[in-house]
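Spelled out from the first residue to the last, the chains are:
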Amino acid sequence: MSQKMSPPIQKDPQKRAASMRVVEGSYAVAHAVMCSMPDVISAYPITPQTHIVEHLSQMVADGATDAEFLTVDSEFSALSVLVGSSAMGGRSYSSTTSQGLALMYEVLYNVSGMRLPVVMTVANRAMGAPLNIWNDHQDSIGARDVGWIQLYVENVQEAMDATPQAYKIAEDLDIRTPVMVCMDGFILTHVYEPVELLDKERVRSFLPPYRPEHILDPANPYTFGAFADPSTYTEFRYQQCEAMVKSMAKIEKAASEFQEIFGRYYGGLIDTYRTDDAEVIIIAMGSVVGTIKDAIDQMRAAGKRVGLVKIRSYRPFPVKALKDALKNAQVIAVLEKDVSVGYEAGLTTDLKAAFYNSNLRMPIVGFSAGLGGRDITIHDIERLVQKAEAARAGIESEFEFLTLRKEIL
Amino acid sequence: MKEIRLHGRGGQGSVTAAELIAVAAFEDQKFSQAFPAFGVERRGAPVMAFARIAKEPIRIRSQIYEPDYVIVQDVTLLDVVDVASGLKPEGKIIINTDRPKEKLKLKTQAEIITIDATKIAMEILGRPIVNTTMLGAFCGASREVGLESLNKAISERFKGDLGRKNLEAIKTAYERVS
């Protein structure tokens, strides 16, 4: 019998506590990394990620952590360093964004292929050209297939809390898969808001020390990432896929165990908001989820039955959880901050694929918005819902740019 | 929820001011949020920052288009930015200027409050850094954050003599608009 964890969902994870402090998102993440007792941190600054490694640098200098802090010459080096440190058994951390993540691309596959449990914060930012430093999800969605678990967070508290959870998931010997914690650049990295800062001792009780089964050790030699010819390469990929499938239960378990100790819960693979009787359900991930919740409350007050499914885990893609959460919707509207030039966008296409071989036949319409930092307002969400409602009578467009400025084309 | 938009120029501490509003509001047992209008920051260029204060946790992440309050740190911005854009008619706009408000030609139904924060800052801080002085004016004009809480936020941020001088600048501005 499967042990399905179904903790009581705490709908208000930011209840005001005396121990809360107003801090910058980047500081909160750096604090969470420090509390996770890393052995090696590699740092290459790039906006809007820079504050995270600046704060970590300060924490190392202050003796708050004894981690080795390595400043390197590029993002390629930043992640390559962690291949070595993680293979030697060190808990390893870095953070990056956009072009930095792109420069890591080759190494991303090396980390996941060697099954190294690195955790990295991606401060989500648009890809150039044209040069743009603002938030969207093109960078990490573009790295969808590199074999990393991808968790997306809604607010600063969740960004902080997801960090030790990410290590717990990544280092599980059944999983051994790196994790990206994706937080919206600027919107979350640069916001000041009240959070309950993690306590190092309590994190220690949640996250045990990293005890890898195999490490690079001259006394007991192993080879990592060695040559695999056609007779074995497929099996390496298969095992990664198997680990990803298994990671779904581990992601849920980590969220539940975290809740037991810290009292905060954000959903396991997904979370839902006012979906019970919803006719229109919006699917989204990242910080826009907060704005959508406010928009839903307003639309509900005006009699519209609208709900939200928030995706925490984009990889692994939580097909079963999504089908359960969405099965009674009359229409589904995907809102995502990326585009696949040539065919729709990641989440829309993934969701449609998940439903195709099932009896779920409600229309699914996709919208790209918030590209390159364009603001997404409550009014934009209302327009999205109007368009989704219109699709119930017949889909005119399966995918569109929600806030396109036609006048400047 | 109360929404505040700050206009300044790069280097004038608008983002810090927004942060201090958030810290002070939290001291007042409320929830708060502060964030910059993420620009490519250059010294002297027009910048914006935002703050929200509410009794409930704040979820919305969009920028602020219909503020309850606007704080303008540099009156020359009036020539280049529509600082009163979307300002609620029952709201307030607080401007650092030595000019009388009638001469500002602001298009708003909201209450206009002027204060010569540059003069106060020069006299007390010896530098034309007006962000804390403007916070004192905001506090006095809006009462959306408590003066005690604002002082606490300032004291945590600025230590020693600098902290003391900033508190004096805040008090002066607070009393002038109250």
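Just so it is clear, the structure is predicted and the values come from calculations on it, not from any experiment.

(A) Spotlight on the overall build of chain B. A tally of helices and strands in chain B yields five helices and six strands. Mapped in sequence order, the helices and strands of chain B form the string β-α-β-β-β-β-β-α-α-α-α. Taken over the C-alpha trace, chain B has a radius of gyration of 15 Å; the compact-globule value for 178 residues is 16 Å, and the two agree within 12%. Principal-axis analysis of the C-alpha atoms places the extent of chain B at approximately 40 × 40 × 35 Å. Relative to its 178 residues, chain B shows a buried fraction of 56%.

(B) Spatial organisation of the pattern of salt bridges. Under the counting rule described, the total for this entry stands at 43 salt bridges over all chains. The salt bridge involving B:Lys119 is made with B:Glu123; its shortest N-O contact spans 3.6 Å. One end of the pair is B:Lys119 and the other is B:Glu123, both in helix α2 (residues 117-124) and four residues apart, which spans about a single turn. Among the residues examined, B:Glu123 registers a relative accessible area of 57% and is labelled exposed. A salt bridge links B:Lys165 to B:Asp161; the shortest N-O distance between them is 3.4 Å. Residue B:Lys165 and its partner B:Asp161 are located together in helix α5 (residues 160-177), separated by four residues, close to a single helical turn. The partly exposed category is assigned to B:Lys165, whose relative accessible area is 26%. Ionic contacts of the salt-bridge type, sharing partners, join the residues A:Glu154, A:Glu158, A:Lys293, A:Lys310 and A:Arg312 into one network.

(C) Layout of a nonpolar patch on the surface. Residues and elements named next belong to chain A. The grouping of Phe-401, Leu-404 and Leu-409 at the surface amounts to a nonpolar patch, some 330 Å² of accessible area in total. Looking at the secondary structure, you find Leu-409 in the segment after β15 (399-401). Judged by its relative accessible area of 78%, Leu-409 is exposed.

(D) Quick look at the sheet that holds strand β7 (residues 179-184) of chain A. All names here are of chain A. Read from one edge to the other, the open sheet built from seven strands follows the order β3-β2-β4-β5-β7-β6-β12, with strand pairing classed as mixed. Edge positions in the sheet fall to β3 (68-71) and β12 (313-315), since each has one partner strand and no second. Mean inter-strand twist for the sheet, computed between neighbouring axes without regard to direction, equals 20 degrees. Alignment of strand β6 (residues 149-152) against β12, held across two bridges, turns out to be antiparallel. Each bridged residue has a counterpart across the sheet, and for Leu-151 the counterpart in β12 is Ser-313. Seen against the sheet, helix α7 (residues 156-171) touches β4 (92-96), β5 (119-124), β6 and β7 and runs at an angle of roughly 170 degrees to β7.

(E) A look at the sheet that holds strand β9 (residues 270-273) of chain A. All names here are of chain A. An order of β9-β11-β10-β13-β14-β15 is seen for the six strands of this open sheet, with the pairing classed as mixed. Among the strands making up the open sheet, the edge pair consists of β9 and β15. Within this sheet the neighbouring strands show an average axis-to-axis angle of 20 degrees, counted without direction. Bridge count between β9 and strand β11 (residues 306-311): four bridges; the pairing is antiparallel.

(F) Quick peek at the packing of helix α1 (residues 14-27) of chain B against helix α4 (residues 147-157) of chain B. Residue and element names in this part refer to chain B. Viewed as axis vectors pointing N to C, α1 and α4 meet at an angle of 125 degrees, and their least axial separation amounts to 8 Å. The angle between α1 and α4 places the two elements in the oblique class. When you trace α1 past α4, the crossing you get is right-handed. Residue-level inspection shows Thr-16, Glu-19, Leu-20, Val-23, Ala-24 and Glu-27 of α1 in contact with α4, the latter providing Ser-149, Leu-150, Lys-152, Ala-153, Ile-154, Glu-156 and Arg-157. Partitioned by chemical class, the residues of the contact of α1 with α4 number six nonpolar, two polar and five charged.

(G) Looking closely at α2(B). Residues and elements named next belong to chain B. Along α2, the residues that are buried comprise Ala-117, Ile-120, Ala-121 and Ile-124. Across the axial projection of α2, the buried residues extend over an arc of 95 degrees, all falling on one side. Residues of α2 that are buried sit in contact with β5 (92-96), β6 (111-115), α3 (131-142) and α5. Phi turns positive one or two residues past the end of α2, at Gly-126, with a value near 75 degrees.

(H) Local environment of the domain arrangement of chain A. Residues and elements named next belong to chain A. Domain boundaries in chain A define domain 1 (20-262) and domain 2 (270-408). Look at where the C-alpha atoms of domain 1 and domain 2 centre, and you get two points 27 Å apart. Taken together, the contact between domain 1 and domain 2 spans 27 residues of the former and 25 residues of the latter. Here domain 1 packs against domain 2, burying approximately 2,100 Å² in sum over the two surfaces, 52% of which is carbon and sulfur. The largest contributions to the domain 1 side of the interface with domain 2 come from Arg-144, Tyr-152 and Glu-154, which together make up 29% of the buried area. At the boundary of domain 1 with domain 2, the tally comes to six salt bridges.

(I) Region of interest: the interface of chain A and chain B. If you look at the interface, chain A gives 32 residues, while chain B gives 22 residues. Taking both sides of the interface into account, the surface hidden between chain A and chain B amounts to around 2,300 Å²; carbon and sulfur atoms contribute 59%. Its salt-bridge partner being A:Asp294, residue B:Arg59 comes within 2.9 Å of it at the nearest N-O pair. Those elements that place two or more of their residues in the side of chain A that touches chain B are β1 (20-24), β8 (192-196) and α10 (288-301) of chain A. Broken down by element, the residue count for the side of chain A that touches chain B peaks at five residues, all from α10(A).

(J) Molecular detail of the side chain of A:Asp375. Inspection of the secondary structure assignment puts A:Asp375 in the loop between β14 (364-368) and α13 (378-391). Separated by 2.4 Å, the side chains of A:Asp375 and B:Tyr65 make a polar contact. In this structure A:Asp375 touches A:Asp380, B:Arg61, B:Ser62, B:Gln63 and B:Tyr65, once residues within four positions along its chain are discounted.

(K) Region of interest: the side chain of B:Gln33. Mapped onto the elements of the fold, B:Gln33 is located in strand β2 (residues 31-36). A distance of 2.8 Å separates a polar atom in the side chain of B:Gln33 from a polar atom in the side chain of B:Arg52. Among the polar contacts made by the side chain of B:Gln33, one reaches the main-chain carbonyl oxygen of B:Ile60 at a distance of 2.9 Å. Setting aside chain neighbours within four positions, we find B:Gln33 in contact with A:Val191, A:Tyr192, A:Glu193, B:Ala22, B:Phe50, B:Ala51, B:Arg52, B:Ile58, B:Ile60 and B:Arg61.

Calculation rules
- Residues numbered from 1 in each chain as written.
- Chains lettered and ligands numbered in written order.
- Predicted model: local features only at pLDDT ≥ 70, side-chain atom pairs only at ≥ 80, totals over all residues.
- Heavy atoms only, no water.
- Helix = DSSP H or I, 4+ residues; strand = E, 2+ residues; numbered from the N terminus.
- Rg over C-alpha atoms; globule rule 2.2 N^0.38 Å.
- Buried < 20%, exposed > 50% of the residue type's maximum accessible area, 1.4 Å probe, protein only.
- Salt bridge = Lys/Arg side-chain N within 4 Å of Asp/Glu carboxyl O.
- Patch = residues over 30% accessible without salt bridge, like charges linked within 9 Å, V, L, I, M, F, W, Y side chains within 5 Å.
- Areas by Shrake-Rupley, 256 points an atom, 1.4 Å probe, with all protein chains shown as cover.
- Pairing = 2+ DSSP bridges.
- Axes fitted to C-alpha atoms, helices over the stretch in contact; angles between N-to-C directions.
- Contact = heavy atoms within 4.5 Å.
- Parallel < 35°, antiparallel > 145°, perpendicular 65-115°, else oblique.
- Left-handed = near helix turned anticlockwise from the far one by under 90°.
- Nonpolar A, V, L, I, M, F, W, Y, C, P; charged D, E, K, R; others polar.
- Arc of directions from axis to C-beta.
- Domains from an automatic or database assignment.
- Buried area = accessible area lost by both parts, 1.4 Å probe.
- Polar contact = N/O pair within 3.5 Å; in protein donor to acceptor, adjacent residues only side chain to side chain.

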